[in-house]
Amino acid sequence: ILNVEQSPQSLHVQEGDSTNFTCSFPSSNFYALHWYRWETAKSPEALFVMTLNGDEKKKGRISATLNTKEGYSYLYIKGSQPEDSATYLCAPNAGGTSYGKLTFGQGTILTVHP
Amino acid sequence: ETGVTQTPRHLVMGMTNKKSLKCEQHLGHNAMYWYKQSAKKPLELMFVYSLEERVENNSVPSRFSPECPNSSHLFLHLHTLQPEDSALYLCASSQNPSTDTQYFGPGTRLTVL
């Protein structure tokens, strides 16, 4: 069982602020890391799948970096908007015979105030 | 209908009832998953199916019985559940069960009385 930690647990920011969260995971037997955004009463929405050390991915105002050697990933949101309010989940995949077995962190709850 | 759909969206059942949750994916994917989210806990994988074959059972009690009749449909049969099984049950699908992005349905909110 992978130990996945996300910090902070929750975050309140003002509209226009930039923010970032952390996902920590065991660096051994790493295969891929997934980031999801989960808005209340909706389905979790995939943001990124990252596999290579040093990977950096971007989707609009959201970007993510990956360090597989030390076992962490950062998610950045530039110029937060109220519609960014959601729970952000990370989930590493240990690969091998794990057959797509994602281990989710507890999530970071982001609230963006107008 | 597109994406991943789940029915029912809400379900209330007694401990002696038998019910089933249904998931359907319209994405042409080969892998399907059941997840459970209990209050204040992370999303937890229950089962993985790849090409209609169960490839992962994450130590789930036998009162939960999955069924995958074809690559588009996934069921979770429930019987003699306990109140602590009350949770949000999410279905997901992906092209392959590896690093591929998983696409989630909206979930079924289950309450066991």
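The text that follows walks through the structure, step by step, so that each part is easy to find. Please read these numbers as outputs of a predicted model, since none were measured by experiment. (Residues numbered from 1 in each chain as written. Chains lettered and ligands numbered in written order. Predicted model: local features only at pLDDT ≥ 70, side-chain atom pairs only at ≥ 80, totals over all residues. Heavy atoms only, no water.)

Before going further, it helps to examine the packing of aromatic side chains. Where two aromatic rings form a pair, the distance of their centres and the angle of their planes describe that pair. For the structure on display, the rule yields eleven aromatic pairs over all chains. Taking the centre distance of 5.2 Å and the plane angle of 45 degrees together, the rings of Phe21 of chain A and Tyr88 of chain A count as tilted. One end of the pair, Phe21 of chain A, is in strand E3 (residues 19–24); the other, Tyr88 of chain A, is in strand E9 (residues 86–93), and 67 residues separate them in sequence. In this structure Tyr88 of chain A comes out as buried when scored by relative accessible area, which is 0%. Ring plane angle 75 degrees and centroid distance 6.2 Å describe the contact between Phe104 of chain A and Phe104 of chain B, whose orientation is recorded as edge-to-face. One end of the pair, Phe104 of chain A, is in the loop between E9 and strand E10 (108–113); the other, Phe104 of chain B, is in strand E10 (residues 103–104), on a second chain. Of the two residues, Phe104 of chain A and Phe104 of chain B, neither departs from the other in class, the shared state being buried. Through pairs of rings, three or more aromatic residues link up here, namely Tyr36 and Phe104 of chain A together with Tyr33, Tyr35 and Phe104 of chain B. (Phe/Tyr/Trp six-rings, centres within 6.5 Å; stacked < 30°, edge-to-face > 60°. Helix = DSSP H or I, 4+ residues; strand = E, 2+ residues; numbered from the N terminus. Buried < 20%, exposed > 50% of the residue type's maximum accessible area, 1.4 Å probe, protein only.)

Let's shift gears to the interface of chain A and chain B. At the junction of the two partners, chain A supplies 22 residues and chain B supplies 24 residues. Buried area between chain A and chain B, summed over both chains or domains, comes out near 1700 Å², and the portion from carbon and sulfur atoms is 60%. Connecting chain A to chain B are zero salt bridges. Counting across the interface, chain A meets chain B through four residue pairs in polar contact (both at pLDDT 80 or more). (Contact = heavy atoms within 4.5 Å. Buried area = accessible area lost by both parts, 1.4 Å probe. Salt bridge = Lys/Arg side-chain N within 4 Å of Asp/Glu carboxyl O. Polar contact = N/O pair within 3.5 Å; in protein donor to acceptor, adjacent residues only side chain to side chain.)

It is worth spelling out the pairing of E10 of chain A at this point. Residue and element names in this part refer to chain A. Only one face of E10 is buried: it carries Thr108, Leu110 and Val112, and the other face, with Ile109, Thr111 and His113, is open. Pairing between strand E2 (residues 10–14) and E10: five bridges, direction parallel. Bridging from a neighbouring strand, Val13 pairs with Val112 of E10. Strand direction decides the pairing type here: E9 and E10, joined by three bridges, are antiparallel. Bridging from a neighbouring strand, Ala86 pairs with Leu110 of E10. (Pairing = 2+ DSSP bridges.)

The strands making up a sheet associate through hydrogen bonds between their backbones, and the pairing can be parallel or antiparallel. Residues and elements named next belong to chain A. Spatially, the five strands line up as an open sheet ordered E2-E10-E9-E4-E5, and their pairing is mixed. Both edges of this open sheet fall to E2 and strand E5 (45–50), since each of them pairs with a single strand only. Averaged over all pairs of adjacent strands, the angle between strand axes in this sheet comes to 20 degrees, irrespective of strand direction. Alignment of strand E4 (residues 32–38) against E9, held across seven bridges, turns out to be antiparallel. Looking at the pairing, Ala32 lines up with Asn93 of E9. (Axes fitted to C-alpha atoms, helices over the stretch in contact; angles between N-to-C directions.)

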